[in-house]
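Spelled out from the first residue to the last, the chains are:
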2 protein chains.
Amino acid sequence: MPIVVDDRARRDRISEVATILIDRVGLGGLTIRAIAREAGCSTSFVTDFFPDKRAMLLQVLGDAAHRTKRRIDAVLAADPHDLHGCALAYLPLDEERRRDWKIYFAFWDMASTDAAFAQEQQRWQRIARDHFETILHARGIRSGPEDMLHAADRLLSLVMGISTQAAFDPETWSPVTMRAFMLREIDALLPSAPSHPIPSPEARA
Amino acid sequence: MPIVVDDRARRDRISEVATILIDRVGLGGLTIRAIAREAGCSTSFVTDFFPDKRAMLLQVLGDAAHRTKRRIDAVLAADPHDLHGCALAYLPLDEERRRDWKIYFAFWDMASTDAAFAQEQQRWQRIARDHFETILHARGIRSGPEDMLHAADRLLSLVMGISTQAAFDPETWSPVTMRAFMLREIDALLPSAPSHPIPSPEARA
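Overview of the structure. (Residues numbered from 1 in each chain as written. Chains lettered and ligands numbered in written order. Predicted model: local features only at pLDDT ≥ 70, side-chain atom pairs only at ≥ 80, totals over all residues. Heavy atoms only, no water.)

Below, the discussion takes up the environment of valine 60 of chain B. Residues and elements named next belong to chain B. Here valine 60 shows up in helix H4 (residues 53–78). For valine 60, a relative accessible area of 0% gives the class buried. C-alpha separation for the pair valine 60 and arginine 11, spaced 49 residues apart in sequence, amounts to 9.6 Å. In contact with valine 60, other than residues within four places in its own chain, are Ser15, Ala18, Thr19, Ile22, Ile103 and Phe107. (Helix = DSSP H or I, 4+ residues; strand = E, 2+ residues; numbered from the N terminus. Buried < 20%, exposed > 50% of the residue type's maximum accessible area, 1.4 Å probe, protein only. Contact = heavy atoms within 4.5 Å.)

Next comes the structure, spelled out in structure tokens:
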């Protein structure tokens, strides 16, 4: 089915260009014309493919969520109980993840007035919380099983709070600081105190 | 100086109407025309007063930050060491605060590409962290003074993470749930375990 492959490549290309532009000029500055210019094609390359701008933006948000999912899946495939790796995979520790967080922020204005975007955000939050809770159940936590859900909520809240602060205050929240903060929080939670060595950026990013 | 008073009243009115509209249709849907319609005046009532839309939006964001500051100041005036009250004052536990958080979200897209908006967000974050740290220093924390900054970072990260999740998943994060979660986190941090009773919404909101 070569036509399907072509369609997917085209859709992916539009989404990729839109992602780059949102990072550069914000969602407020994004136009179909700018996407076409950046992609080196006509505006109909975009408009023929998506019924409207909103449908295109849902694709962009979905793709960012999919990249996040792939990063988490890769960690859990290597070790289904790797709580440190899972939490770090969510944080904006490299360029791709920093950009994906910026995509999320850009859509929070739309998500607060458009149900489809809100549902995508809610879905993402619930999946992340479930991941944390599943791993915590498998490993146990210091304060006992009754605190499992609270601990999962705390981990996701910290991930979101840190990532947001880092976007606007990268001086205070460098990747090294974010990583050290998160590993310390997880070590304090887990039953054994492994005095987890802070991994080098190369080993852990 | 009646002219100054008039100017302030006019500026406040425009900012108030813009805030209501951003809550209703998002920043992406906000137009000068819509503000004028909602305020029951001509578009020049807005355009004569602010040099451009961006200046008007900076006013809206500044006003939201000012309301947050007033809420925190009120708590600290009553008791400069009220960590519970201070943290709860940040959370979107009532309609005004829910709307102010929505204003923050709406501006995060702009803040990621416009330095003035990013600085306002960064300033807000640093003030909140300093508040937490100051109170923690005064009251002491269970794990010792070396963890003071880490604890302040954790409190602010939790506030931001919870407030964001609540915006898109109010079912999971009701005001009652947010309040209970935050009080529990603070109790776990402070040296004495006062088994803090969860206050009624009336007493604490």
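Now for the pattern of salt bridges. Residue and element names in this part refer to chain B. Using the criterion set out here, one finds 34 salt bridges over all chains in the structure. With a shortest N-O distance of 3.0 Å, lysine 102 and aspartate 23 are connected by a salt bridge. Here lysine 102, found in helix H6 (residues 95–111), pairs with aspartate 23, found in helix H1 (residues 2–25); they are 79 residues apart in sequence, far enough to count as distant. As far as burial versus exposure is concerned, lysine 102 and aspartate 23 are alike and both buried. In this structure, arginine 123 and glutamate 120 form a salt bridge, with 3.1 Å as the shortest nitrogen-oxygen distance. Of this pair, arginine 123 and glutamate 120 both sit in helix H7 (residues 115–139), separated by three residues, roughly a single helical turn. (Salt bridge = Lys/Arg side-chain N within 4 Å of Asp/Glu carboxyl O.)

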